[in-house]
Amino acid sequence: MRQSYTENDVIFLESAVRDSLDRSFFDRRLSAILAARRQELGWSQDDLGLRIGVTRAMVSRYERGDSVPGLRVFAQLCRTLVLDARLILSLALSPTDLPDSTPDSEGRRS
């Protein structure tokens, strides 16, 4: 059976998608860390891109928070910029990004 949606359902879904596209706290912190370290080293976005195998445009997207590097590129960024990946992740995470570890009414953790 096909579900029919009301106009209010469509408006709600569009709003939810738009909200999910907002840059998260993690994206903003990571982008700031990457840009600050690159500048500290005196490198251009082109310089960094050549060192990690991506274009200047992609470095720009990482630094603006428009794109988040995948695991391989993140590891390469950390090696190239001499950054501790664990430290970067811990600095970039907000308490609201962490899973709720409080026990439920039956003593289980989520």
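A. Representation of the overall build of the chain. Of the regular secondary structure elements, the chain holds 6 helices and 0 strands. Each helix and strand of the chain, placed in order from N terminus to C terminus, yields the pattern α-α-α-α-α-α. For the chain, with 110 residues in total, the buried portion stands at 28%. Restricting to contacts in the chain with at least 6 residues of sequence separation, those with at least 24 account for 58%. Total accessible area on the chain stands at roughly 8,000 Å², and carbon and sulfur atoms take up 55% of it.

B. Expanded view of the packing of helix 3 (residues 45–52) against helix 4 (residues 56–64). In contact at an axis separation of 8 Å, helix 3 and helix 4 are set at 105 degrees when each is read in the N-to-C sense. Here helix 3 is positioned roughly perpendicular relative to helix 4, judged by the angle of their axes. Facing helix 3, whose interface residues are Gln45, Asp46, Leu48 and Gly49, helix 4 presents Arg56, Val59, Ser60 and Glu63. For the contact of helix 3 with helix 4, the per-class residue count stands at 2 nonpolar, 3 polar and 3 charged.

C. Seen up close, the side chain of Gln45. Inspection of the secondary structure puts Gln45 in helix 3. Overall, the relative accessible area of 18% leaves Gln45 in the buried class. There is a polar contact of 2.8 Å between the side chain of Gln45 and the side chain of Glu63. Each residue touching Gln45, except ones within four places of it in the same chain, is listed here: Arg38, Arg56, Val59, Ser60 and Glu63.

D. Molecular detail of the pattern of salt bridges. By the definition in use, this model includes 4 salt bridges. Residue Glu63 is joined to Arg38 by a salt bridge in which the shortest nitrogen-to-oxygen separation is 2.5 Å. Of this pair, Glu63 sits in helix 4 while Arg38 sits in helix 2 (residues 25–40), and the two are 25 residues apart along the sequence. For Asp84, the salt bridge goes to Arg86, with nearest N and O atoms at 3.6 Å.

E. Just the packing of helix 3 against helix 5 (residues 71–80), in detail. Running from amino to carboxyl end, helix 3 crosses helix 5 at an angle of 115 degrees, the nearest separation of the two axes being 10 Å. The two elements helix 3 and helix 5 cross, and the hand of that crossing is right-handed. Residue-level inspection shows Leu48, Arg51 and Ile52 of helix 3 in contact with helix 5, the latter providing Arg72, Val73, Gln76, Leu77 and Thr80. For the contact of helix 3 with helix 5, the residue count by class is 4 nonpolar, 2 polar and 2 charged.

Quick notes on the rules
- Residues numbered from 1 in each chain as written.
- Predicted model: local features only at pLDDT ≥ 70, side-chain atom pairs only at ≥ 80, totals over all residues.
- Heavy atoms only, no water.
- Helix = DSSP H or I, 4+ residues; strand = E, 2+ residues; numbered from the N terminus.
- Buried < 20%, exposed > 50% of the residue type's maximum accessible area, 1.4 Å probe, protein only.
- Contact = heavy atoms within 4.5 Å.
- Areas by Shrake-Rupley, 256 points an atom, 1.4 Å probe, with all protein chains shown as cover.
- Axes fitted to C-alpha atoms, helices over the stretch in contact; angles between N-to-C directions.
- Parallel < 35°, antiparallel > 145°, perpendicular 65-115°, else oblique.
- Nonpolar A, V, L, I, M, F, W, Y, C, P; charged D, E, K, R; others polar.
- Polar contact = N/O pair within 3.5 Å; in protein donor to acceptor, adjacent residues only side chain to side chain.
- Salt bridge = Lys/Arg side-chain N within 4 Å of Asp/Glu carboxyl O.
- Left-handed = near helix turned anticlockwise from the far one by under 90°.

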